[in-house]
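Listed below are the residues making up each chain.
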Amino acid sequence: MDPQTQNTSLQRLQNVENRVVKVLELAGGVMEELARPSGPKKEFVNSHCREFMQSMKDIQVTLREEIKSACEYRPFEKCDYNARIANEICFQKLEYVLTQLDDLKQTADQYPSSD
């Protein structure tokens, strides 16, 4: 994850944190309204509850997207380790085959040709 992507991700999470604080303030306002001695105003409670629920859904969506984005992060995506190891193994196999062919040639040279 490059620094710019990481920075924007952190900024989005900071925004989510701010929205969580606002949601908690909304919930606190509803609780205060419900605790009023004269009784709660139904319109106030309904509108704040709708806003609370919508904000919670938005927060969930944003957090899911951030989690999904974090799971897609592949730190070794551009690493050539596997290719280098495969290349080294192939090189070792070729060296082994060459030594076997040399041994085979030496053995064949030990026998007289039947020309």
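The rules we used
- Counting starts from 1 at the beginning of each chain's written sequence and moves along it residue by residue.
- Given that the model is predicted, a residue must reach a pLDDT of at least 70 before its local features are reported, and side-chain atom pairs must reach 80 or more before they are shown or counted; all residues, however, enter totals for whole chains, interfaces and linings.
- Side-chain metrics in this entry use all non-hydrogen atoms of the structure; hydrogen atoms and water are not considered.
- Helix numbers and strand numbers start at the N terminus; a helix is a DSSP run of H or I with at least 4 residues, a strand a run of E with at least 2.
- Classification of residues uses two cut-offs on accessible area relative to the type maximum, computed with a 1.4 Å probe and protein chains only: under 20% is buried, over 50% is exposed, and between them is partly exposed.
- Contacts are assigned to residue pairs with any non-hydrogen atoms lying within 4.5 Å of each other.
- Every accessible area reported is derived by Shrake-Rupley at a probe size of 1.4 Å, with residue values counting cover from the shown protein chains alone.
- The rule for a salt bridge is simple: a side-chain nitrogen of Lys or Arg has to be within 4 Å of a carboxyl oxygen of Asp or Glu.
- Patch criteria: residues need more than 30% relative accessible area and no salt bridge. Like-charged residues are merged within 9 Å; nonpolar side chains of Val, Leu, Ile, Met, Phe, Trp and Tyr are merged within 5 Å.
- For a helix, the expected span equals 1.5 Å multiplied by the number of residues minus one.
- The predictor rates its confidence in each residue with pLDDT, a number between 0 and 100.

Talk me through the overall build of the protein; I want residue IDs and the actual numbers.
Regarding its fold elements, the protein presents three helices and zero strands. Listing every helix and strand of the protein by position from the N terminus yields α-α-α. Within the protein, the proportion of its 115 residues that are buried is 10%. Counted over contacts in the protein with a minimum sequence separation of 6, partners at least 24 positions apart contribute 61%. Element-wise, carbon and sulfur atoms account for 57% of the exposed surface of the protein, whose accessible area totals about 10100 Å².

For the pattern of salt bridges, give the residues involved together with the corresponding values.
Evaluation of the coordinates by the stated rule reveals three salt bridges. Note that R12 and E66 form a salt bridge whose closest N and O atoms lie 2.4 Å from each other. Of this pair, R12 sits in helix 1 (residues 3–34) while E66 sits in helix 2 (residues 42–71), and the two are 54 residues apart along the sequence. Among the residues examined, E66 registers a relative accessible area of 9% and is labelled buried. Salt-bridge contacts for K105 lead to D109; the nearest nitrogen and oxygen are separated by 3.2 Å. With a gap of four residues between them, K105 and D109 both fall in helix 3 (residues 81–110), about one helical turn apart. Relative accessible area serves as the criterion here: at 54%, D109 is assigned to the exposed category.

Kindly report on a nonpolar patch on the surface, identifying the contributing residues and their values.
Together, Y96, V97, L98, L101 and L104 make up an exposed nonpolar region whose accessible area comes to about 530 Å². Looking at where Y96 falls in the secondary structure, it is placed in helix 3.

How would you summarise helix 2 if you had to cite specific residues and measurements?
With 30 residues, helix 2 extends 43 Å between its outermost C-alpha atoms, agreeing within 8% with the 44 Å of an ideal straight helix rising 1.5 Å per residue. For helix 2, the complete set of buried residues consists of V45, H48, I59, T62 and E66.

Quick rundown of the confidence of the model for the protein? Include the residues and the values.
It should be kept in mind that the predicted coordinates are not to be read in detail where pLDDT is low. Of the residues in the protein, 86% reach a pLDDT of 70 or more, and the chain-wide mean stands at 85. Helix 2 holds the highest mean pLDDT among the elements of the protein, 89, whereas helix 1 holds the lowest, 85.

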